[in-house]
Amino acid sequence: MIRPVIETEHSLSPTALAGPGGGAAPDDAPFAAVASALDRAHALARDYLTGLARRPVSHRAGPTAMAAALDEALPETGSDPAEAVAEWFIRAEPGIVASGGPRFFGFVNGGATPAALAGDWLASAIDQNAGMWLSSPAAAQTELTVLRWLKELFGLPPNWSGALTSGATMANLVGLAAARQWTAARLGFDAAADGLGGRPPIAVVSSTEIHASARKALATLGFGRDAVRTVPAPGGAIDPAALAAALADVTDPAIVVANAGEVNTGAFDDLTAVADACAAHPPGAWLHVDGAFGLFAAASPALAHLAKGVERADSVAADGHKWLNVPYDSGFAFVRDTDALRGAFATGSAAAYLAAGSDAGWDPHTHVPEMSRRFRGLAAWCALKAYGRDGYRALVERCVGNASSFARWVESAPGLELMAPAPLIVVCFRFAPDGLGPAETDAFNREAVARLQADGRVFVTGTVWNGRACVRAAFDNWATGPGDVETLQAAVADIGRTMPPPSSC
Ligand SMILES: Cc1ncc(COP(=O)(O)O)c(C=O)c1O
């Protein structure tokens, strides 16, 4: 039983608070309104969540309807906080997508487990600034513990540094910023302090399937979004021989970006072969792995072979709001070289007011672009504590089981085609009606995605794979069960059976 300490040890008596000089007595009144506002938010959330499994997952309101519901001038006078919360919910409700529910298979979204959601709520209530030890020792240590637990879950070396981020895009940025710092140091300059201007370009090599978020990170870091040298990735996984050949053309230290879980198919680069190619590059190569969802394969002994070699990377990015099933926004970056990481995000001497000194000798904000930051570690701590290694192994294997059973169904269903093997949680497939040419088949698939989304039973998204319009379904929600997979199959089968050919679409 955990002892409540708030009243006993953390309250100052009115006399102590006033002090010998006679300051003011405490005033609890400003916080009294919190209870009614939170009660209202809780009631709305409880009703929403208990109905989530039955809620349609279609878009019920477009931009015009949402603007009509919410766009208005700044209120001149205020209103009751509880009423304001309820009013937003009622007005915005048609635009809420049930993406945390078990029949949302779009993008790679995940959901929020009970422990994670409760932790996230508490994080908002106690509102810690997780940027510094001084601003919250609790948040700083929680983040360190979460990173330690995640390294243990994924089999990453315990001495790596890291940071919690807002998602995998920012985790890619953190890893690639450390990579930039490391390569620049080898070339004799400090990238964070001096910038890249006037320096020869640093080579970044990846496959054609590098995720758009890594390109975004490269753009932000001054490498240039389109400056990546890409090599072929047959079936979604990088060709290691082509990578070695591309590196052989580079005379300086380089950065290599590999995928652990390509977003369209879930394909994995052979990370051992990629690490070998990096190790064989005489000037040195920093290996960054984008494992936004694929890193979770390492949490299951049955699937860990897919991510084998990730422990040889220099930095790894992954998402919490995908397969860890914690609420948005949550991601994590792991970095082997702490000096490179801190060099990338040091504030230098420019922030005297922050240099208050911490017993730890460093602050979390020196690992990330932000200074003040949300206490996102609490949601992850609660989830990892509540479900443990076993719980996550089971979650990962259940999701992969759902994806495999859907992929097997696609393979056996008339008029459907599996576009790529589905080793993990993404199934890429398409409708292939008899008698249609390639362009008509593409049009059919695009229309099928729109109709599936409008149908409301399930939500899937479209993509282009190998030049063909396809459908993607991702299975990374903790609450998705076999019945939901059956519903997906039924919805797909109904569209295939009832949708007219493209000329009349
Ligand atoms: C492989 C990969 N990398 C990065 C990202 C970006 O993640 P986020 O949207 O959390 O920033 C995604 C998102 O789907 C992804 O699949």
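Refer to the structure presented above.
All figures in this text were calculated on a predicted structure; none of them were measured in a lab.

Visitor: Can you walk me through the overall build of the chain in this structure?
Guide: A count of helices and strands for the chain gives 16 helices and 11 strands. The C-alpha atoms of the chain give 25 Å as radius of gyration, which agrees with the globular expectation for 505 residues (23 Å, within 12%). Structurally, the chain occupies a C-alpha span of about 90 × 60 × 50 Å along its principal axes. Looking at the chain as a whole, 44% of its 505 residues are labelled buried. Long-range pairs, those at least 24 residues apart, make up 73% of the contacts in the chain between residues at least 6 apart in sequence.

Visitor: Whenever I open this one, the site of the ligand confuses me. Can you help?
Guide: Around the ligand, 14 residues are found, and the nearest of them are Gly167, Ala168, Thr169, Ser213 and Ala292. In the shell around the ligand, the residues fall into six nonpolar, six polar and two charged.

Visitor: Help me understand helix α12 (residues 271-279) in this model?
Guide: Owing to its 3.6 residues per turn, the α-helix aligns residues three or four sequence positions apart on the same side. Those residues of α12 that sit buried are Leu271, Val274, Ala275, Ala277 and Cys278. With its buried residues spanning 160 degrees around the axis, α12 presents them on a single face. Buried positions along α12 lie against α11 (240-248), β4 (254-259) and β5 (285-290).

Visitor: Could you clarify how one ought to interpret the sheet that holds strand β9 (residues 426-431) in this entry?
Guide: Strand pairing in a sheet is mediated by backbone hydrogen bonds. Such pairs are either parallel or antiparallel. Spatially, the four strands line up as an open sheet ordered β8-β9-β11-β10, and their pairing is antiparallel. A single partner strand is all that each edge strand has here, and the edge strands are β8 (416-418) and β10 (461-465). Taken pair by pair, the neighbouring strands of this sheet meet at an average axis angle of 40 degrees, ignoring direction. As judged from the five bridges shared by β10 and strand β11 (residues 468-474), these two strands associate in the antiparallel manner. Bridged to Val464 within β11 is Ala469.

Visitor: Help me understand unusual backbone geometry, please; the structure alone is not making it clear to me.
Guide: As a rule of thumb, non-glycine residues mostly have phi less than zero, and peptide bonds are mostly trans rather than cis. Cis geometry is adopted by the peptide bond preceding Asp329, which originates at Tyr328 and carries an omega value of -5 degrees. Along the polypeptide, Asp329 turns up in the loop between β6 (315-319) and β7 (331-335). For Phe107, which is not a glycine, the phi torsion comes out positive at approximately 45 degrees. Note that Phe107 resides in the loop between α5 (81-92) and α6 (114-126). Using a count of 17 C-beta atoms within 10 Å as the deciding quantity, one classes Phe107 as partly exposed. Positive phi, close to 50 degrees, is recorded for Asn466, a residue that is not glycine. Within the element layout of this structure, Asn466 appears in the loop between β10 and β11. Asn466 gets classed as partly exposed once you count the C-beta atoms within 10 Å, which come to 13.

Cut-off values and rules
- Residues numbered from 1 in each chain as written.
- Predicted model: local features only at pLDDT ≥ 70, side-chain atom pairs only at ≥ 80, totals over all residues.
- Helix = DSSP H or I, 4+ residues; strand = E, 2+ residues; numbered from the N terminus.
- Rg over C-alpha atoms; globule rule 2.2 N^0.38 Å.
- Buried ≥ 20, exposed ≤ 12 C-beta atoms within 10 Å, placed from the backbone.
- Contact = placed C-beta atoms within 7 Å.
- Near = placed C-beta within 6 Å.
- Nonpolar A, V, L, I, M, F, W, Y, C, P; charged D, E, K, R; others polar.
- Arc of directions from axis to C-beta.
- Pairing = 2+ DSSP bridges.
- Axes fitted to C-alpha atoms, helices over the stretch in contact; angles between N-to-C directions.

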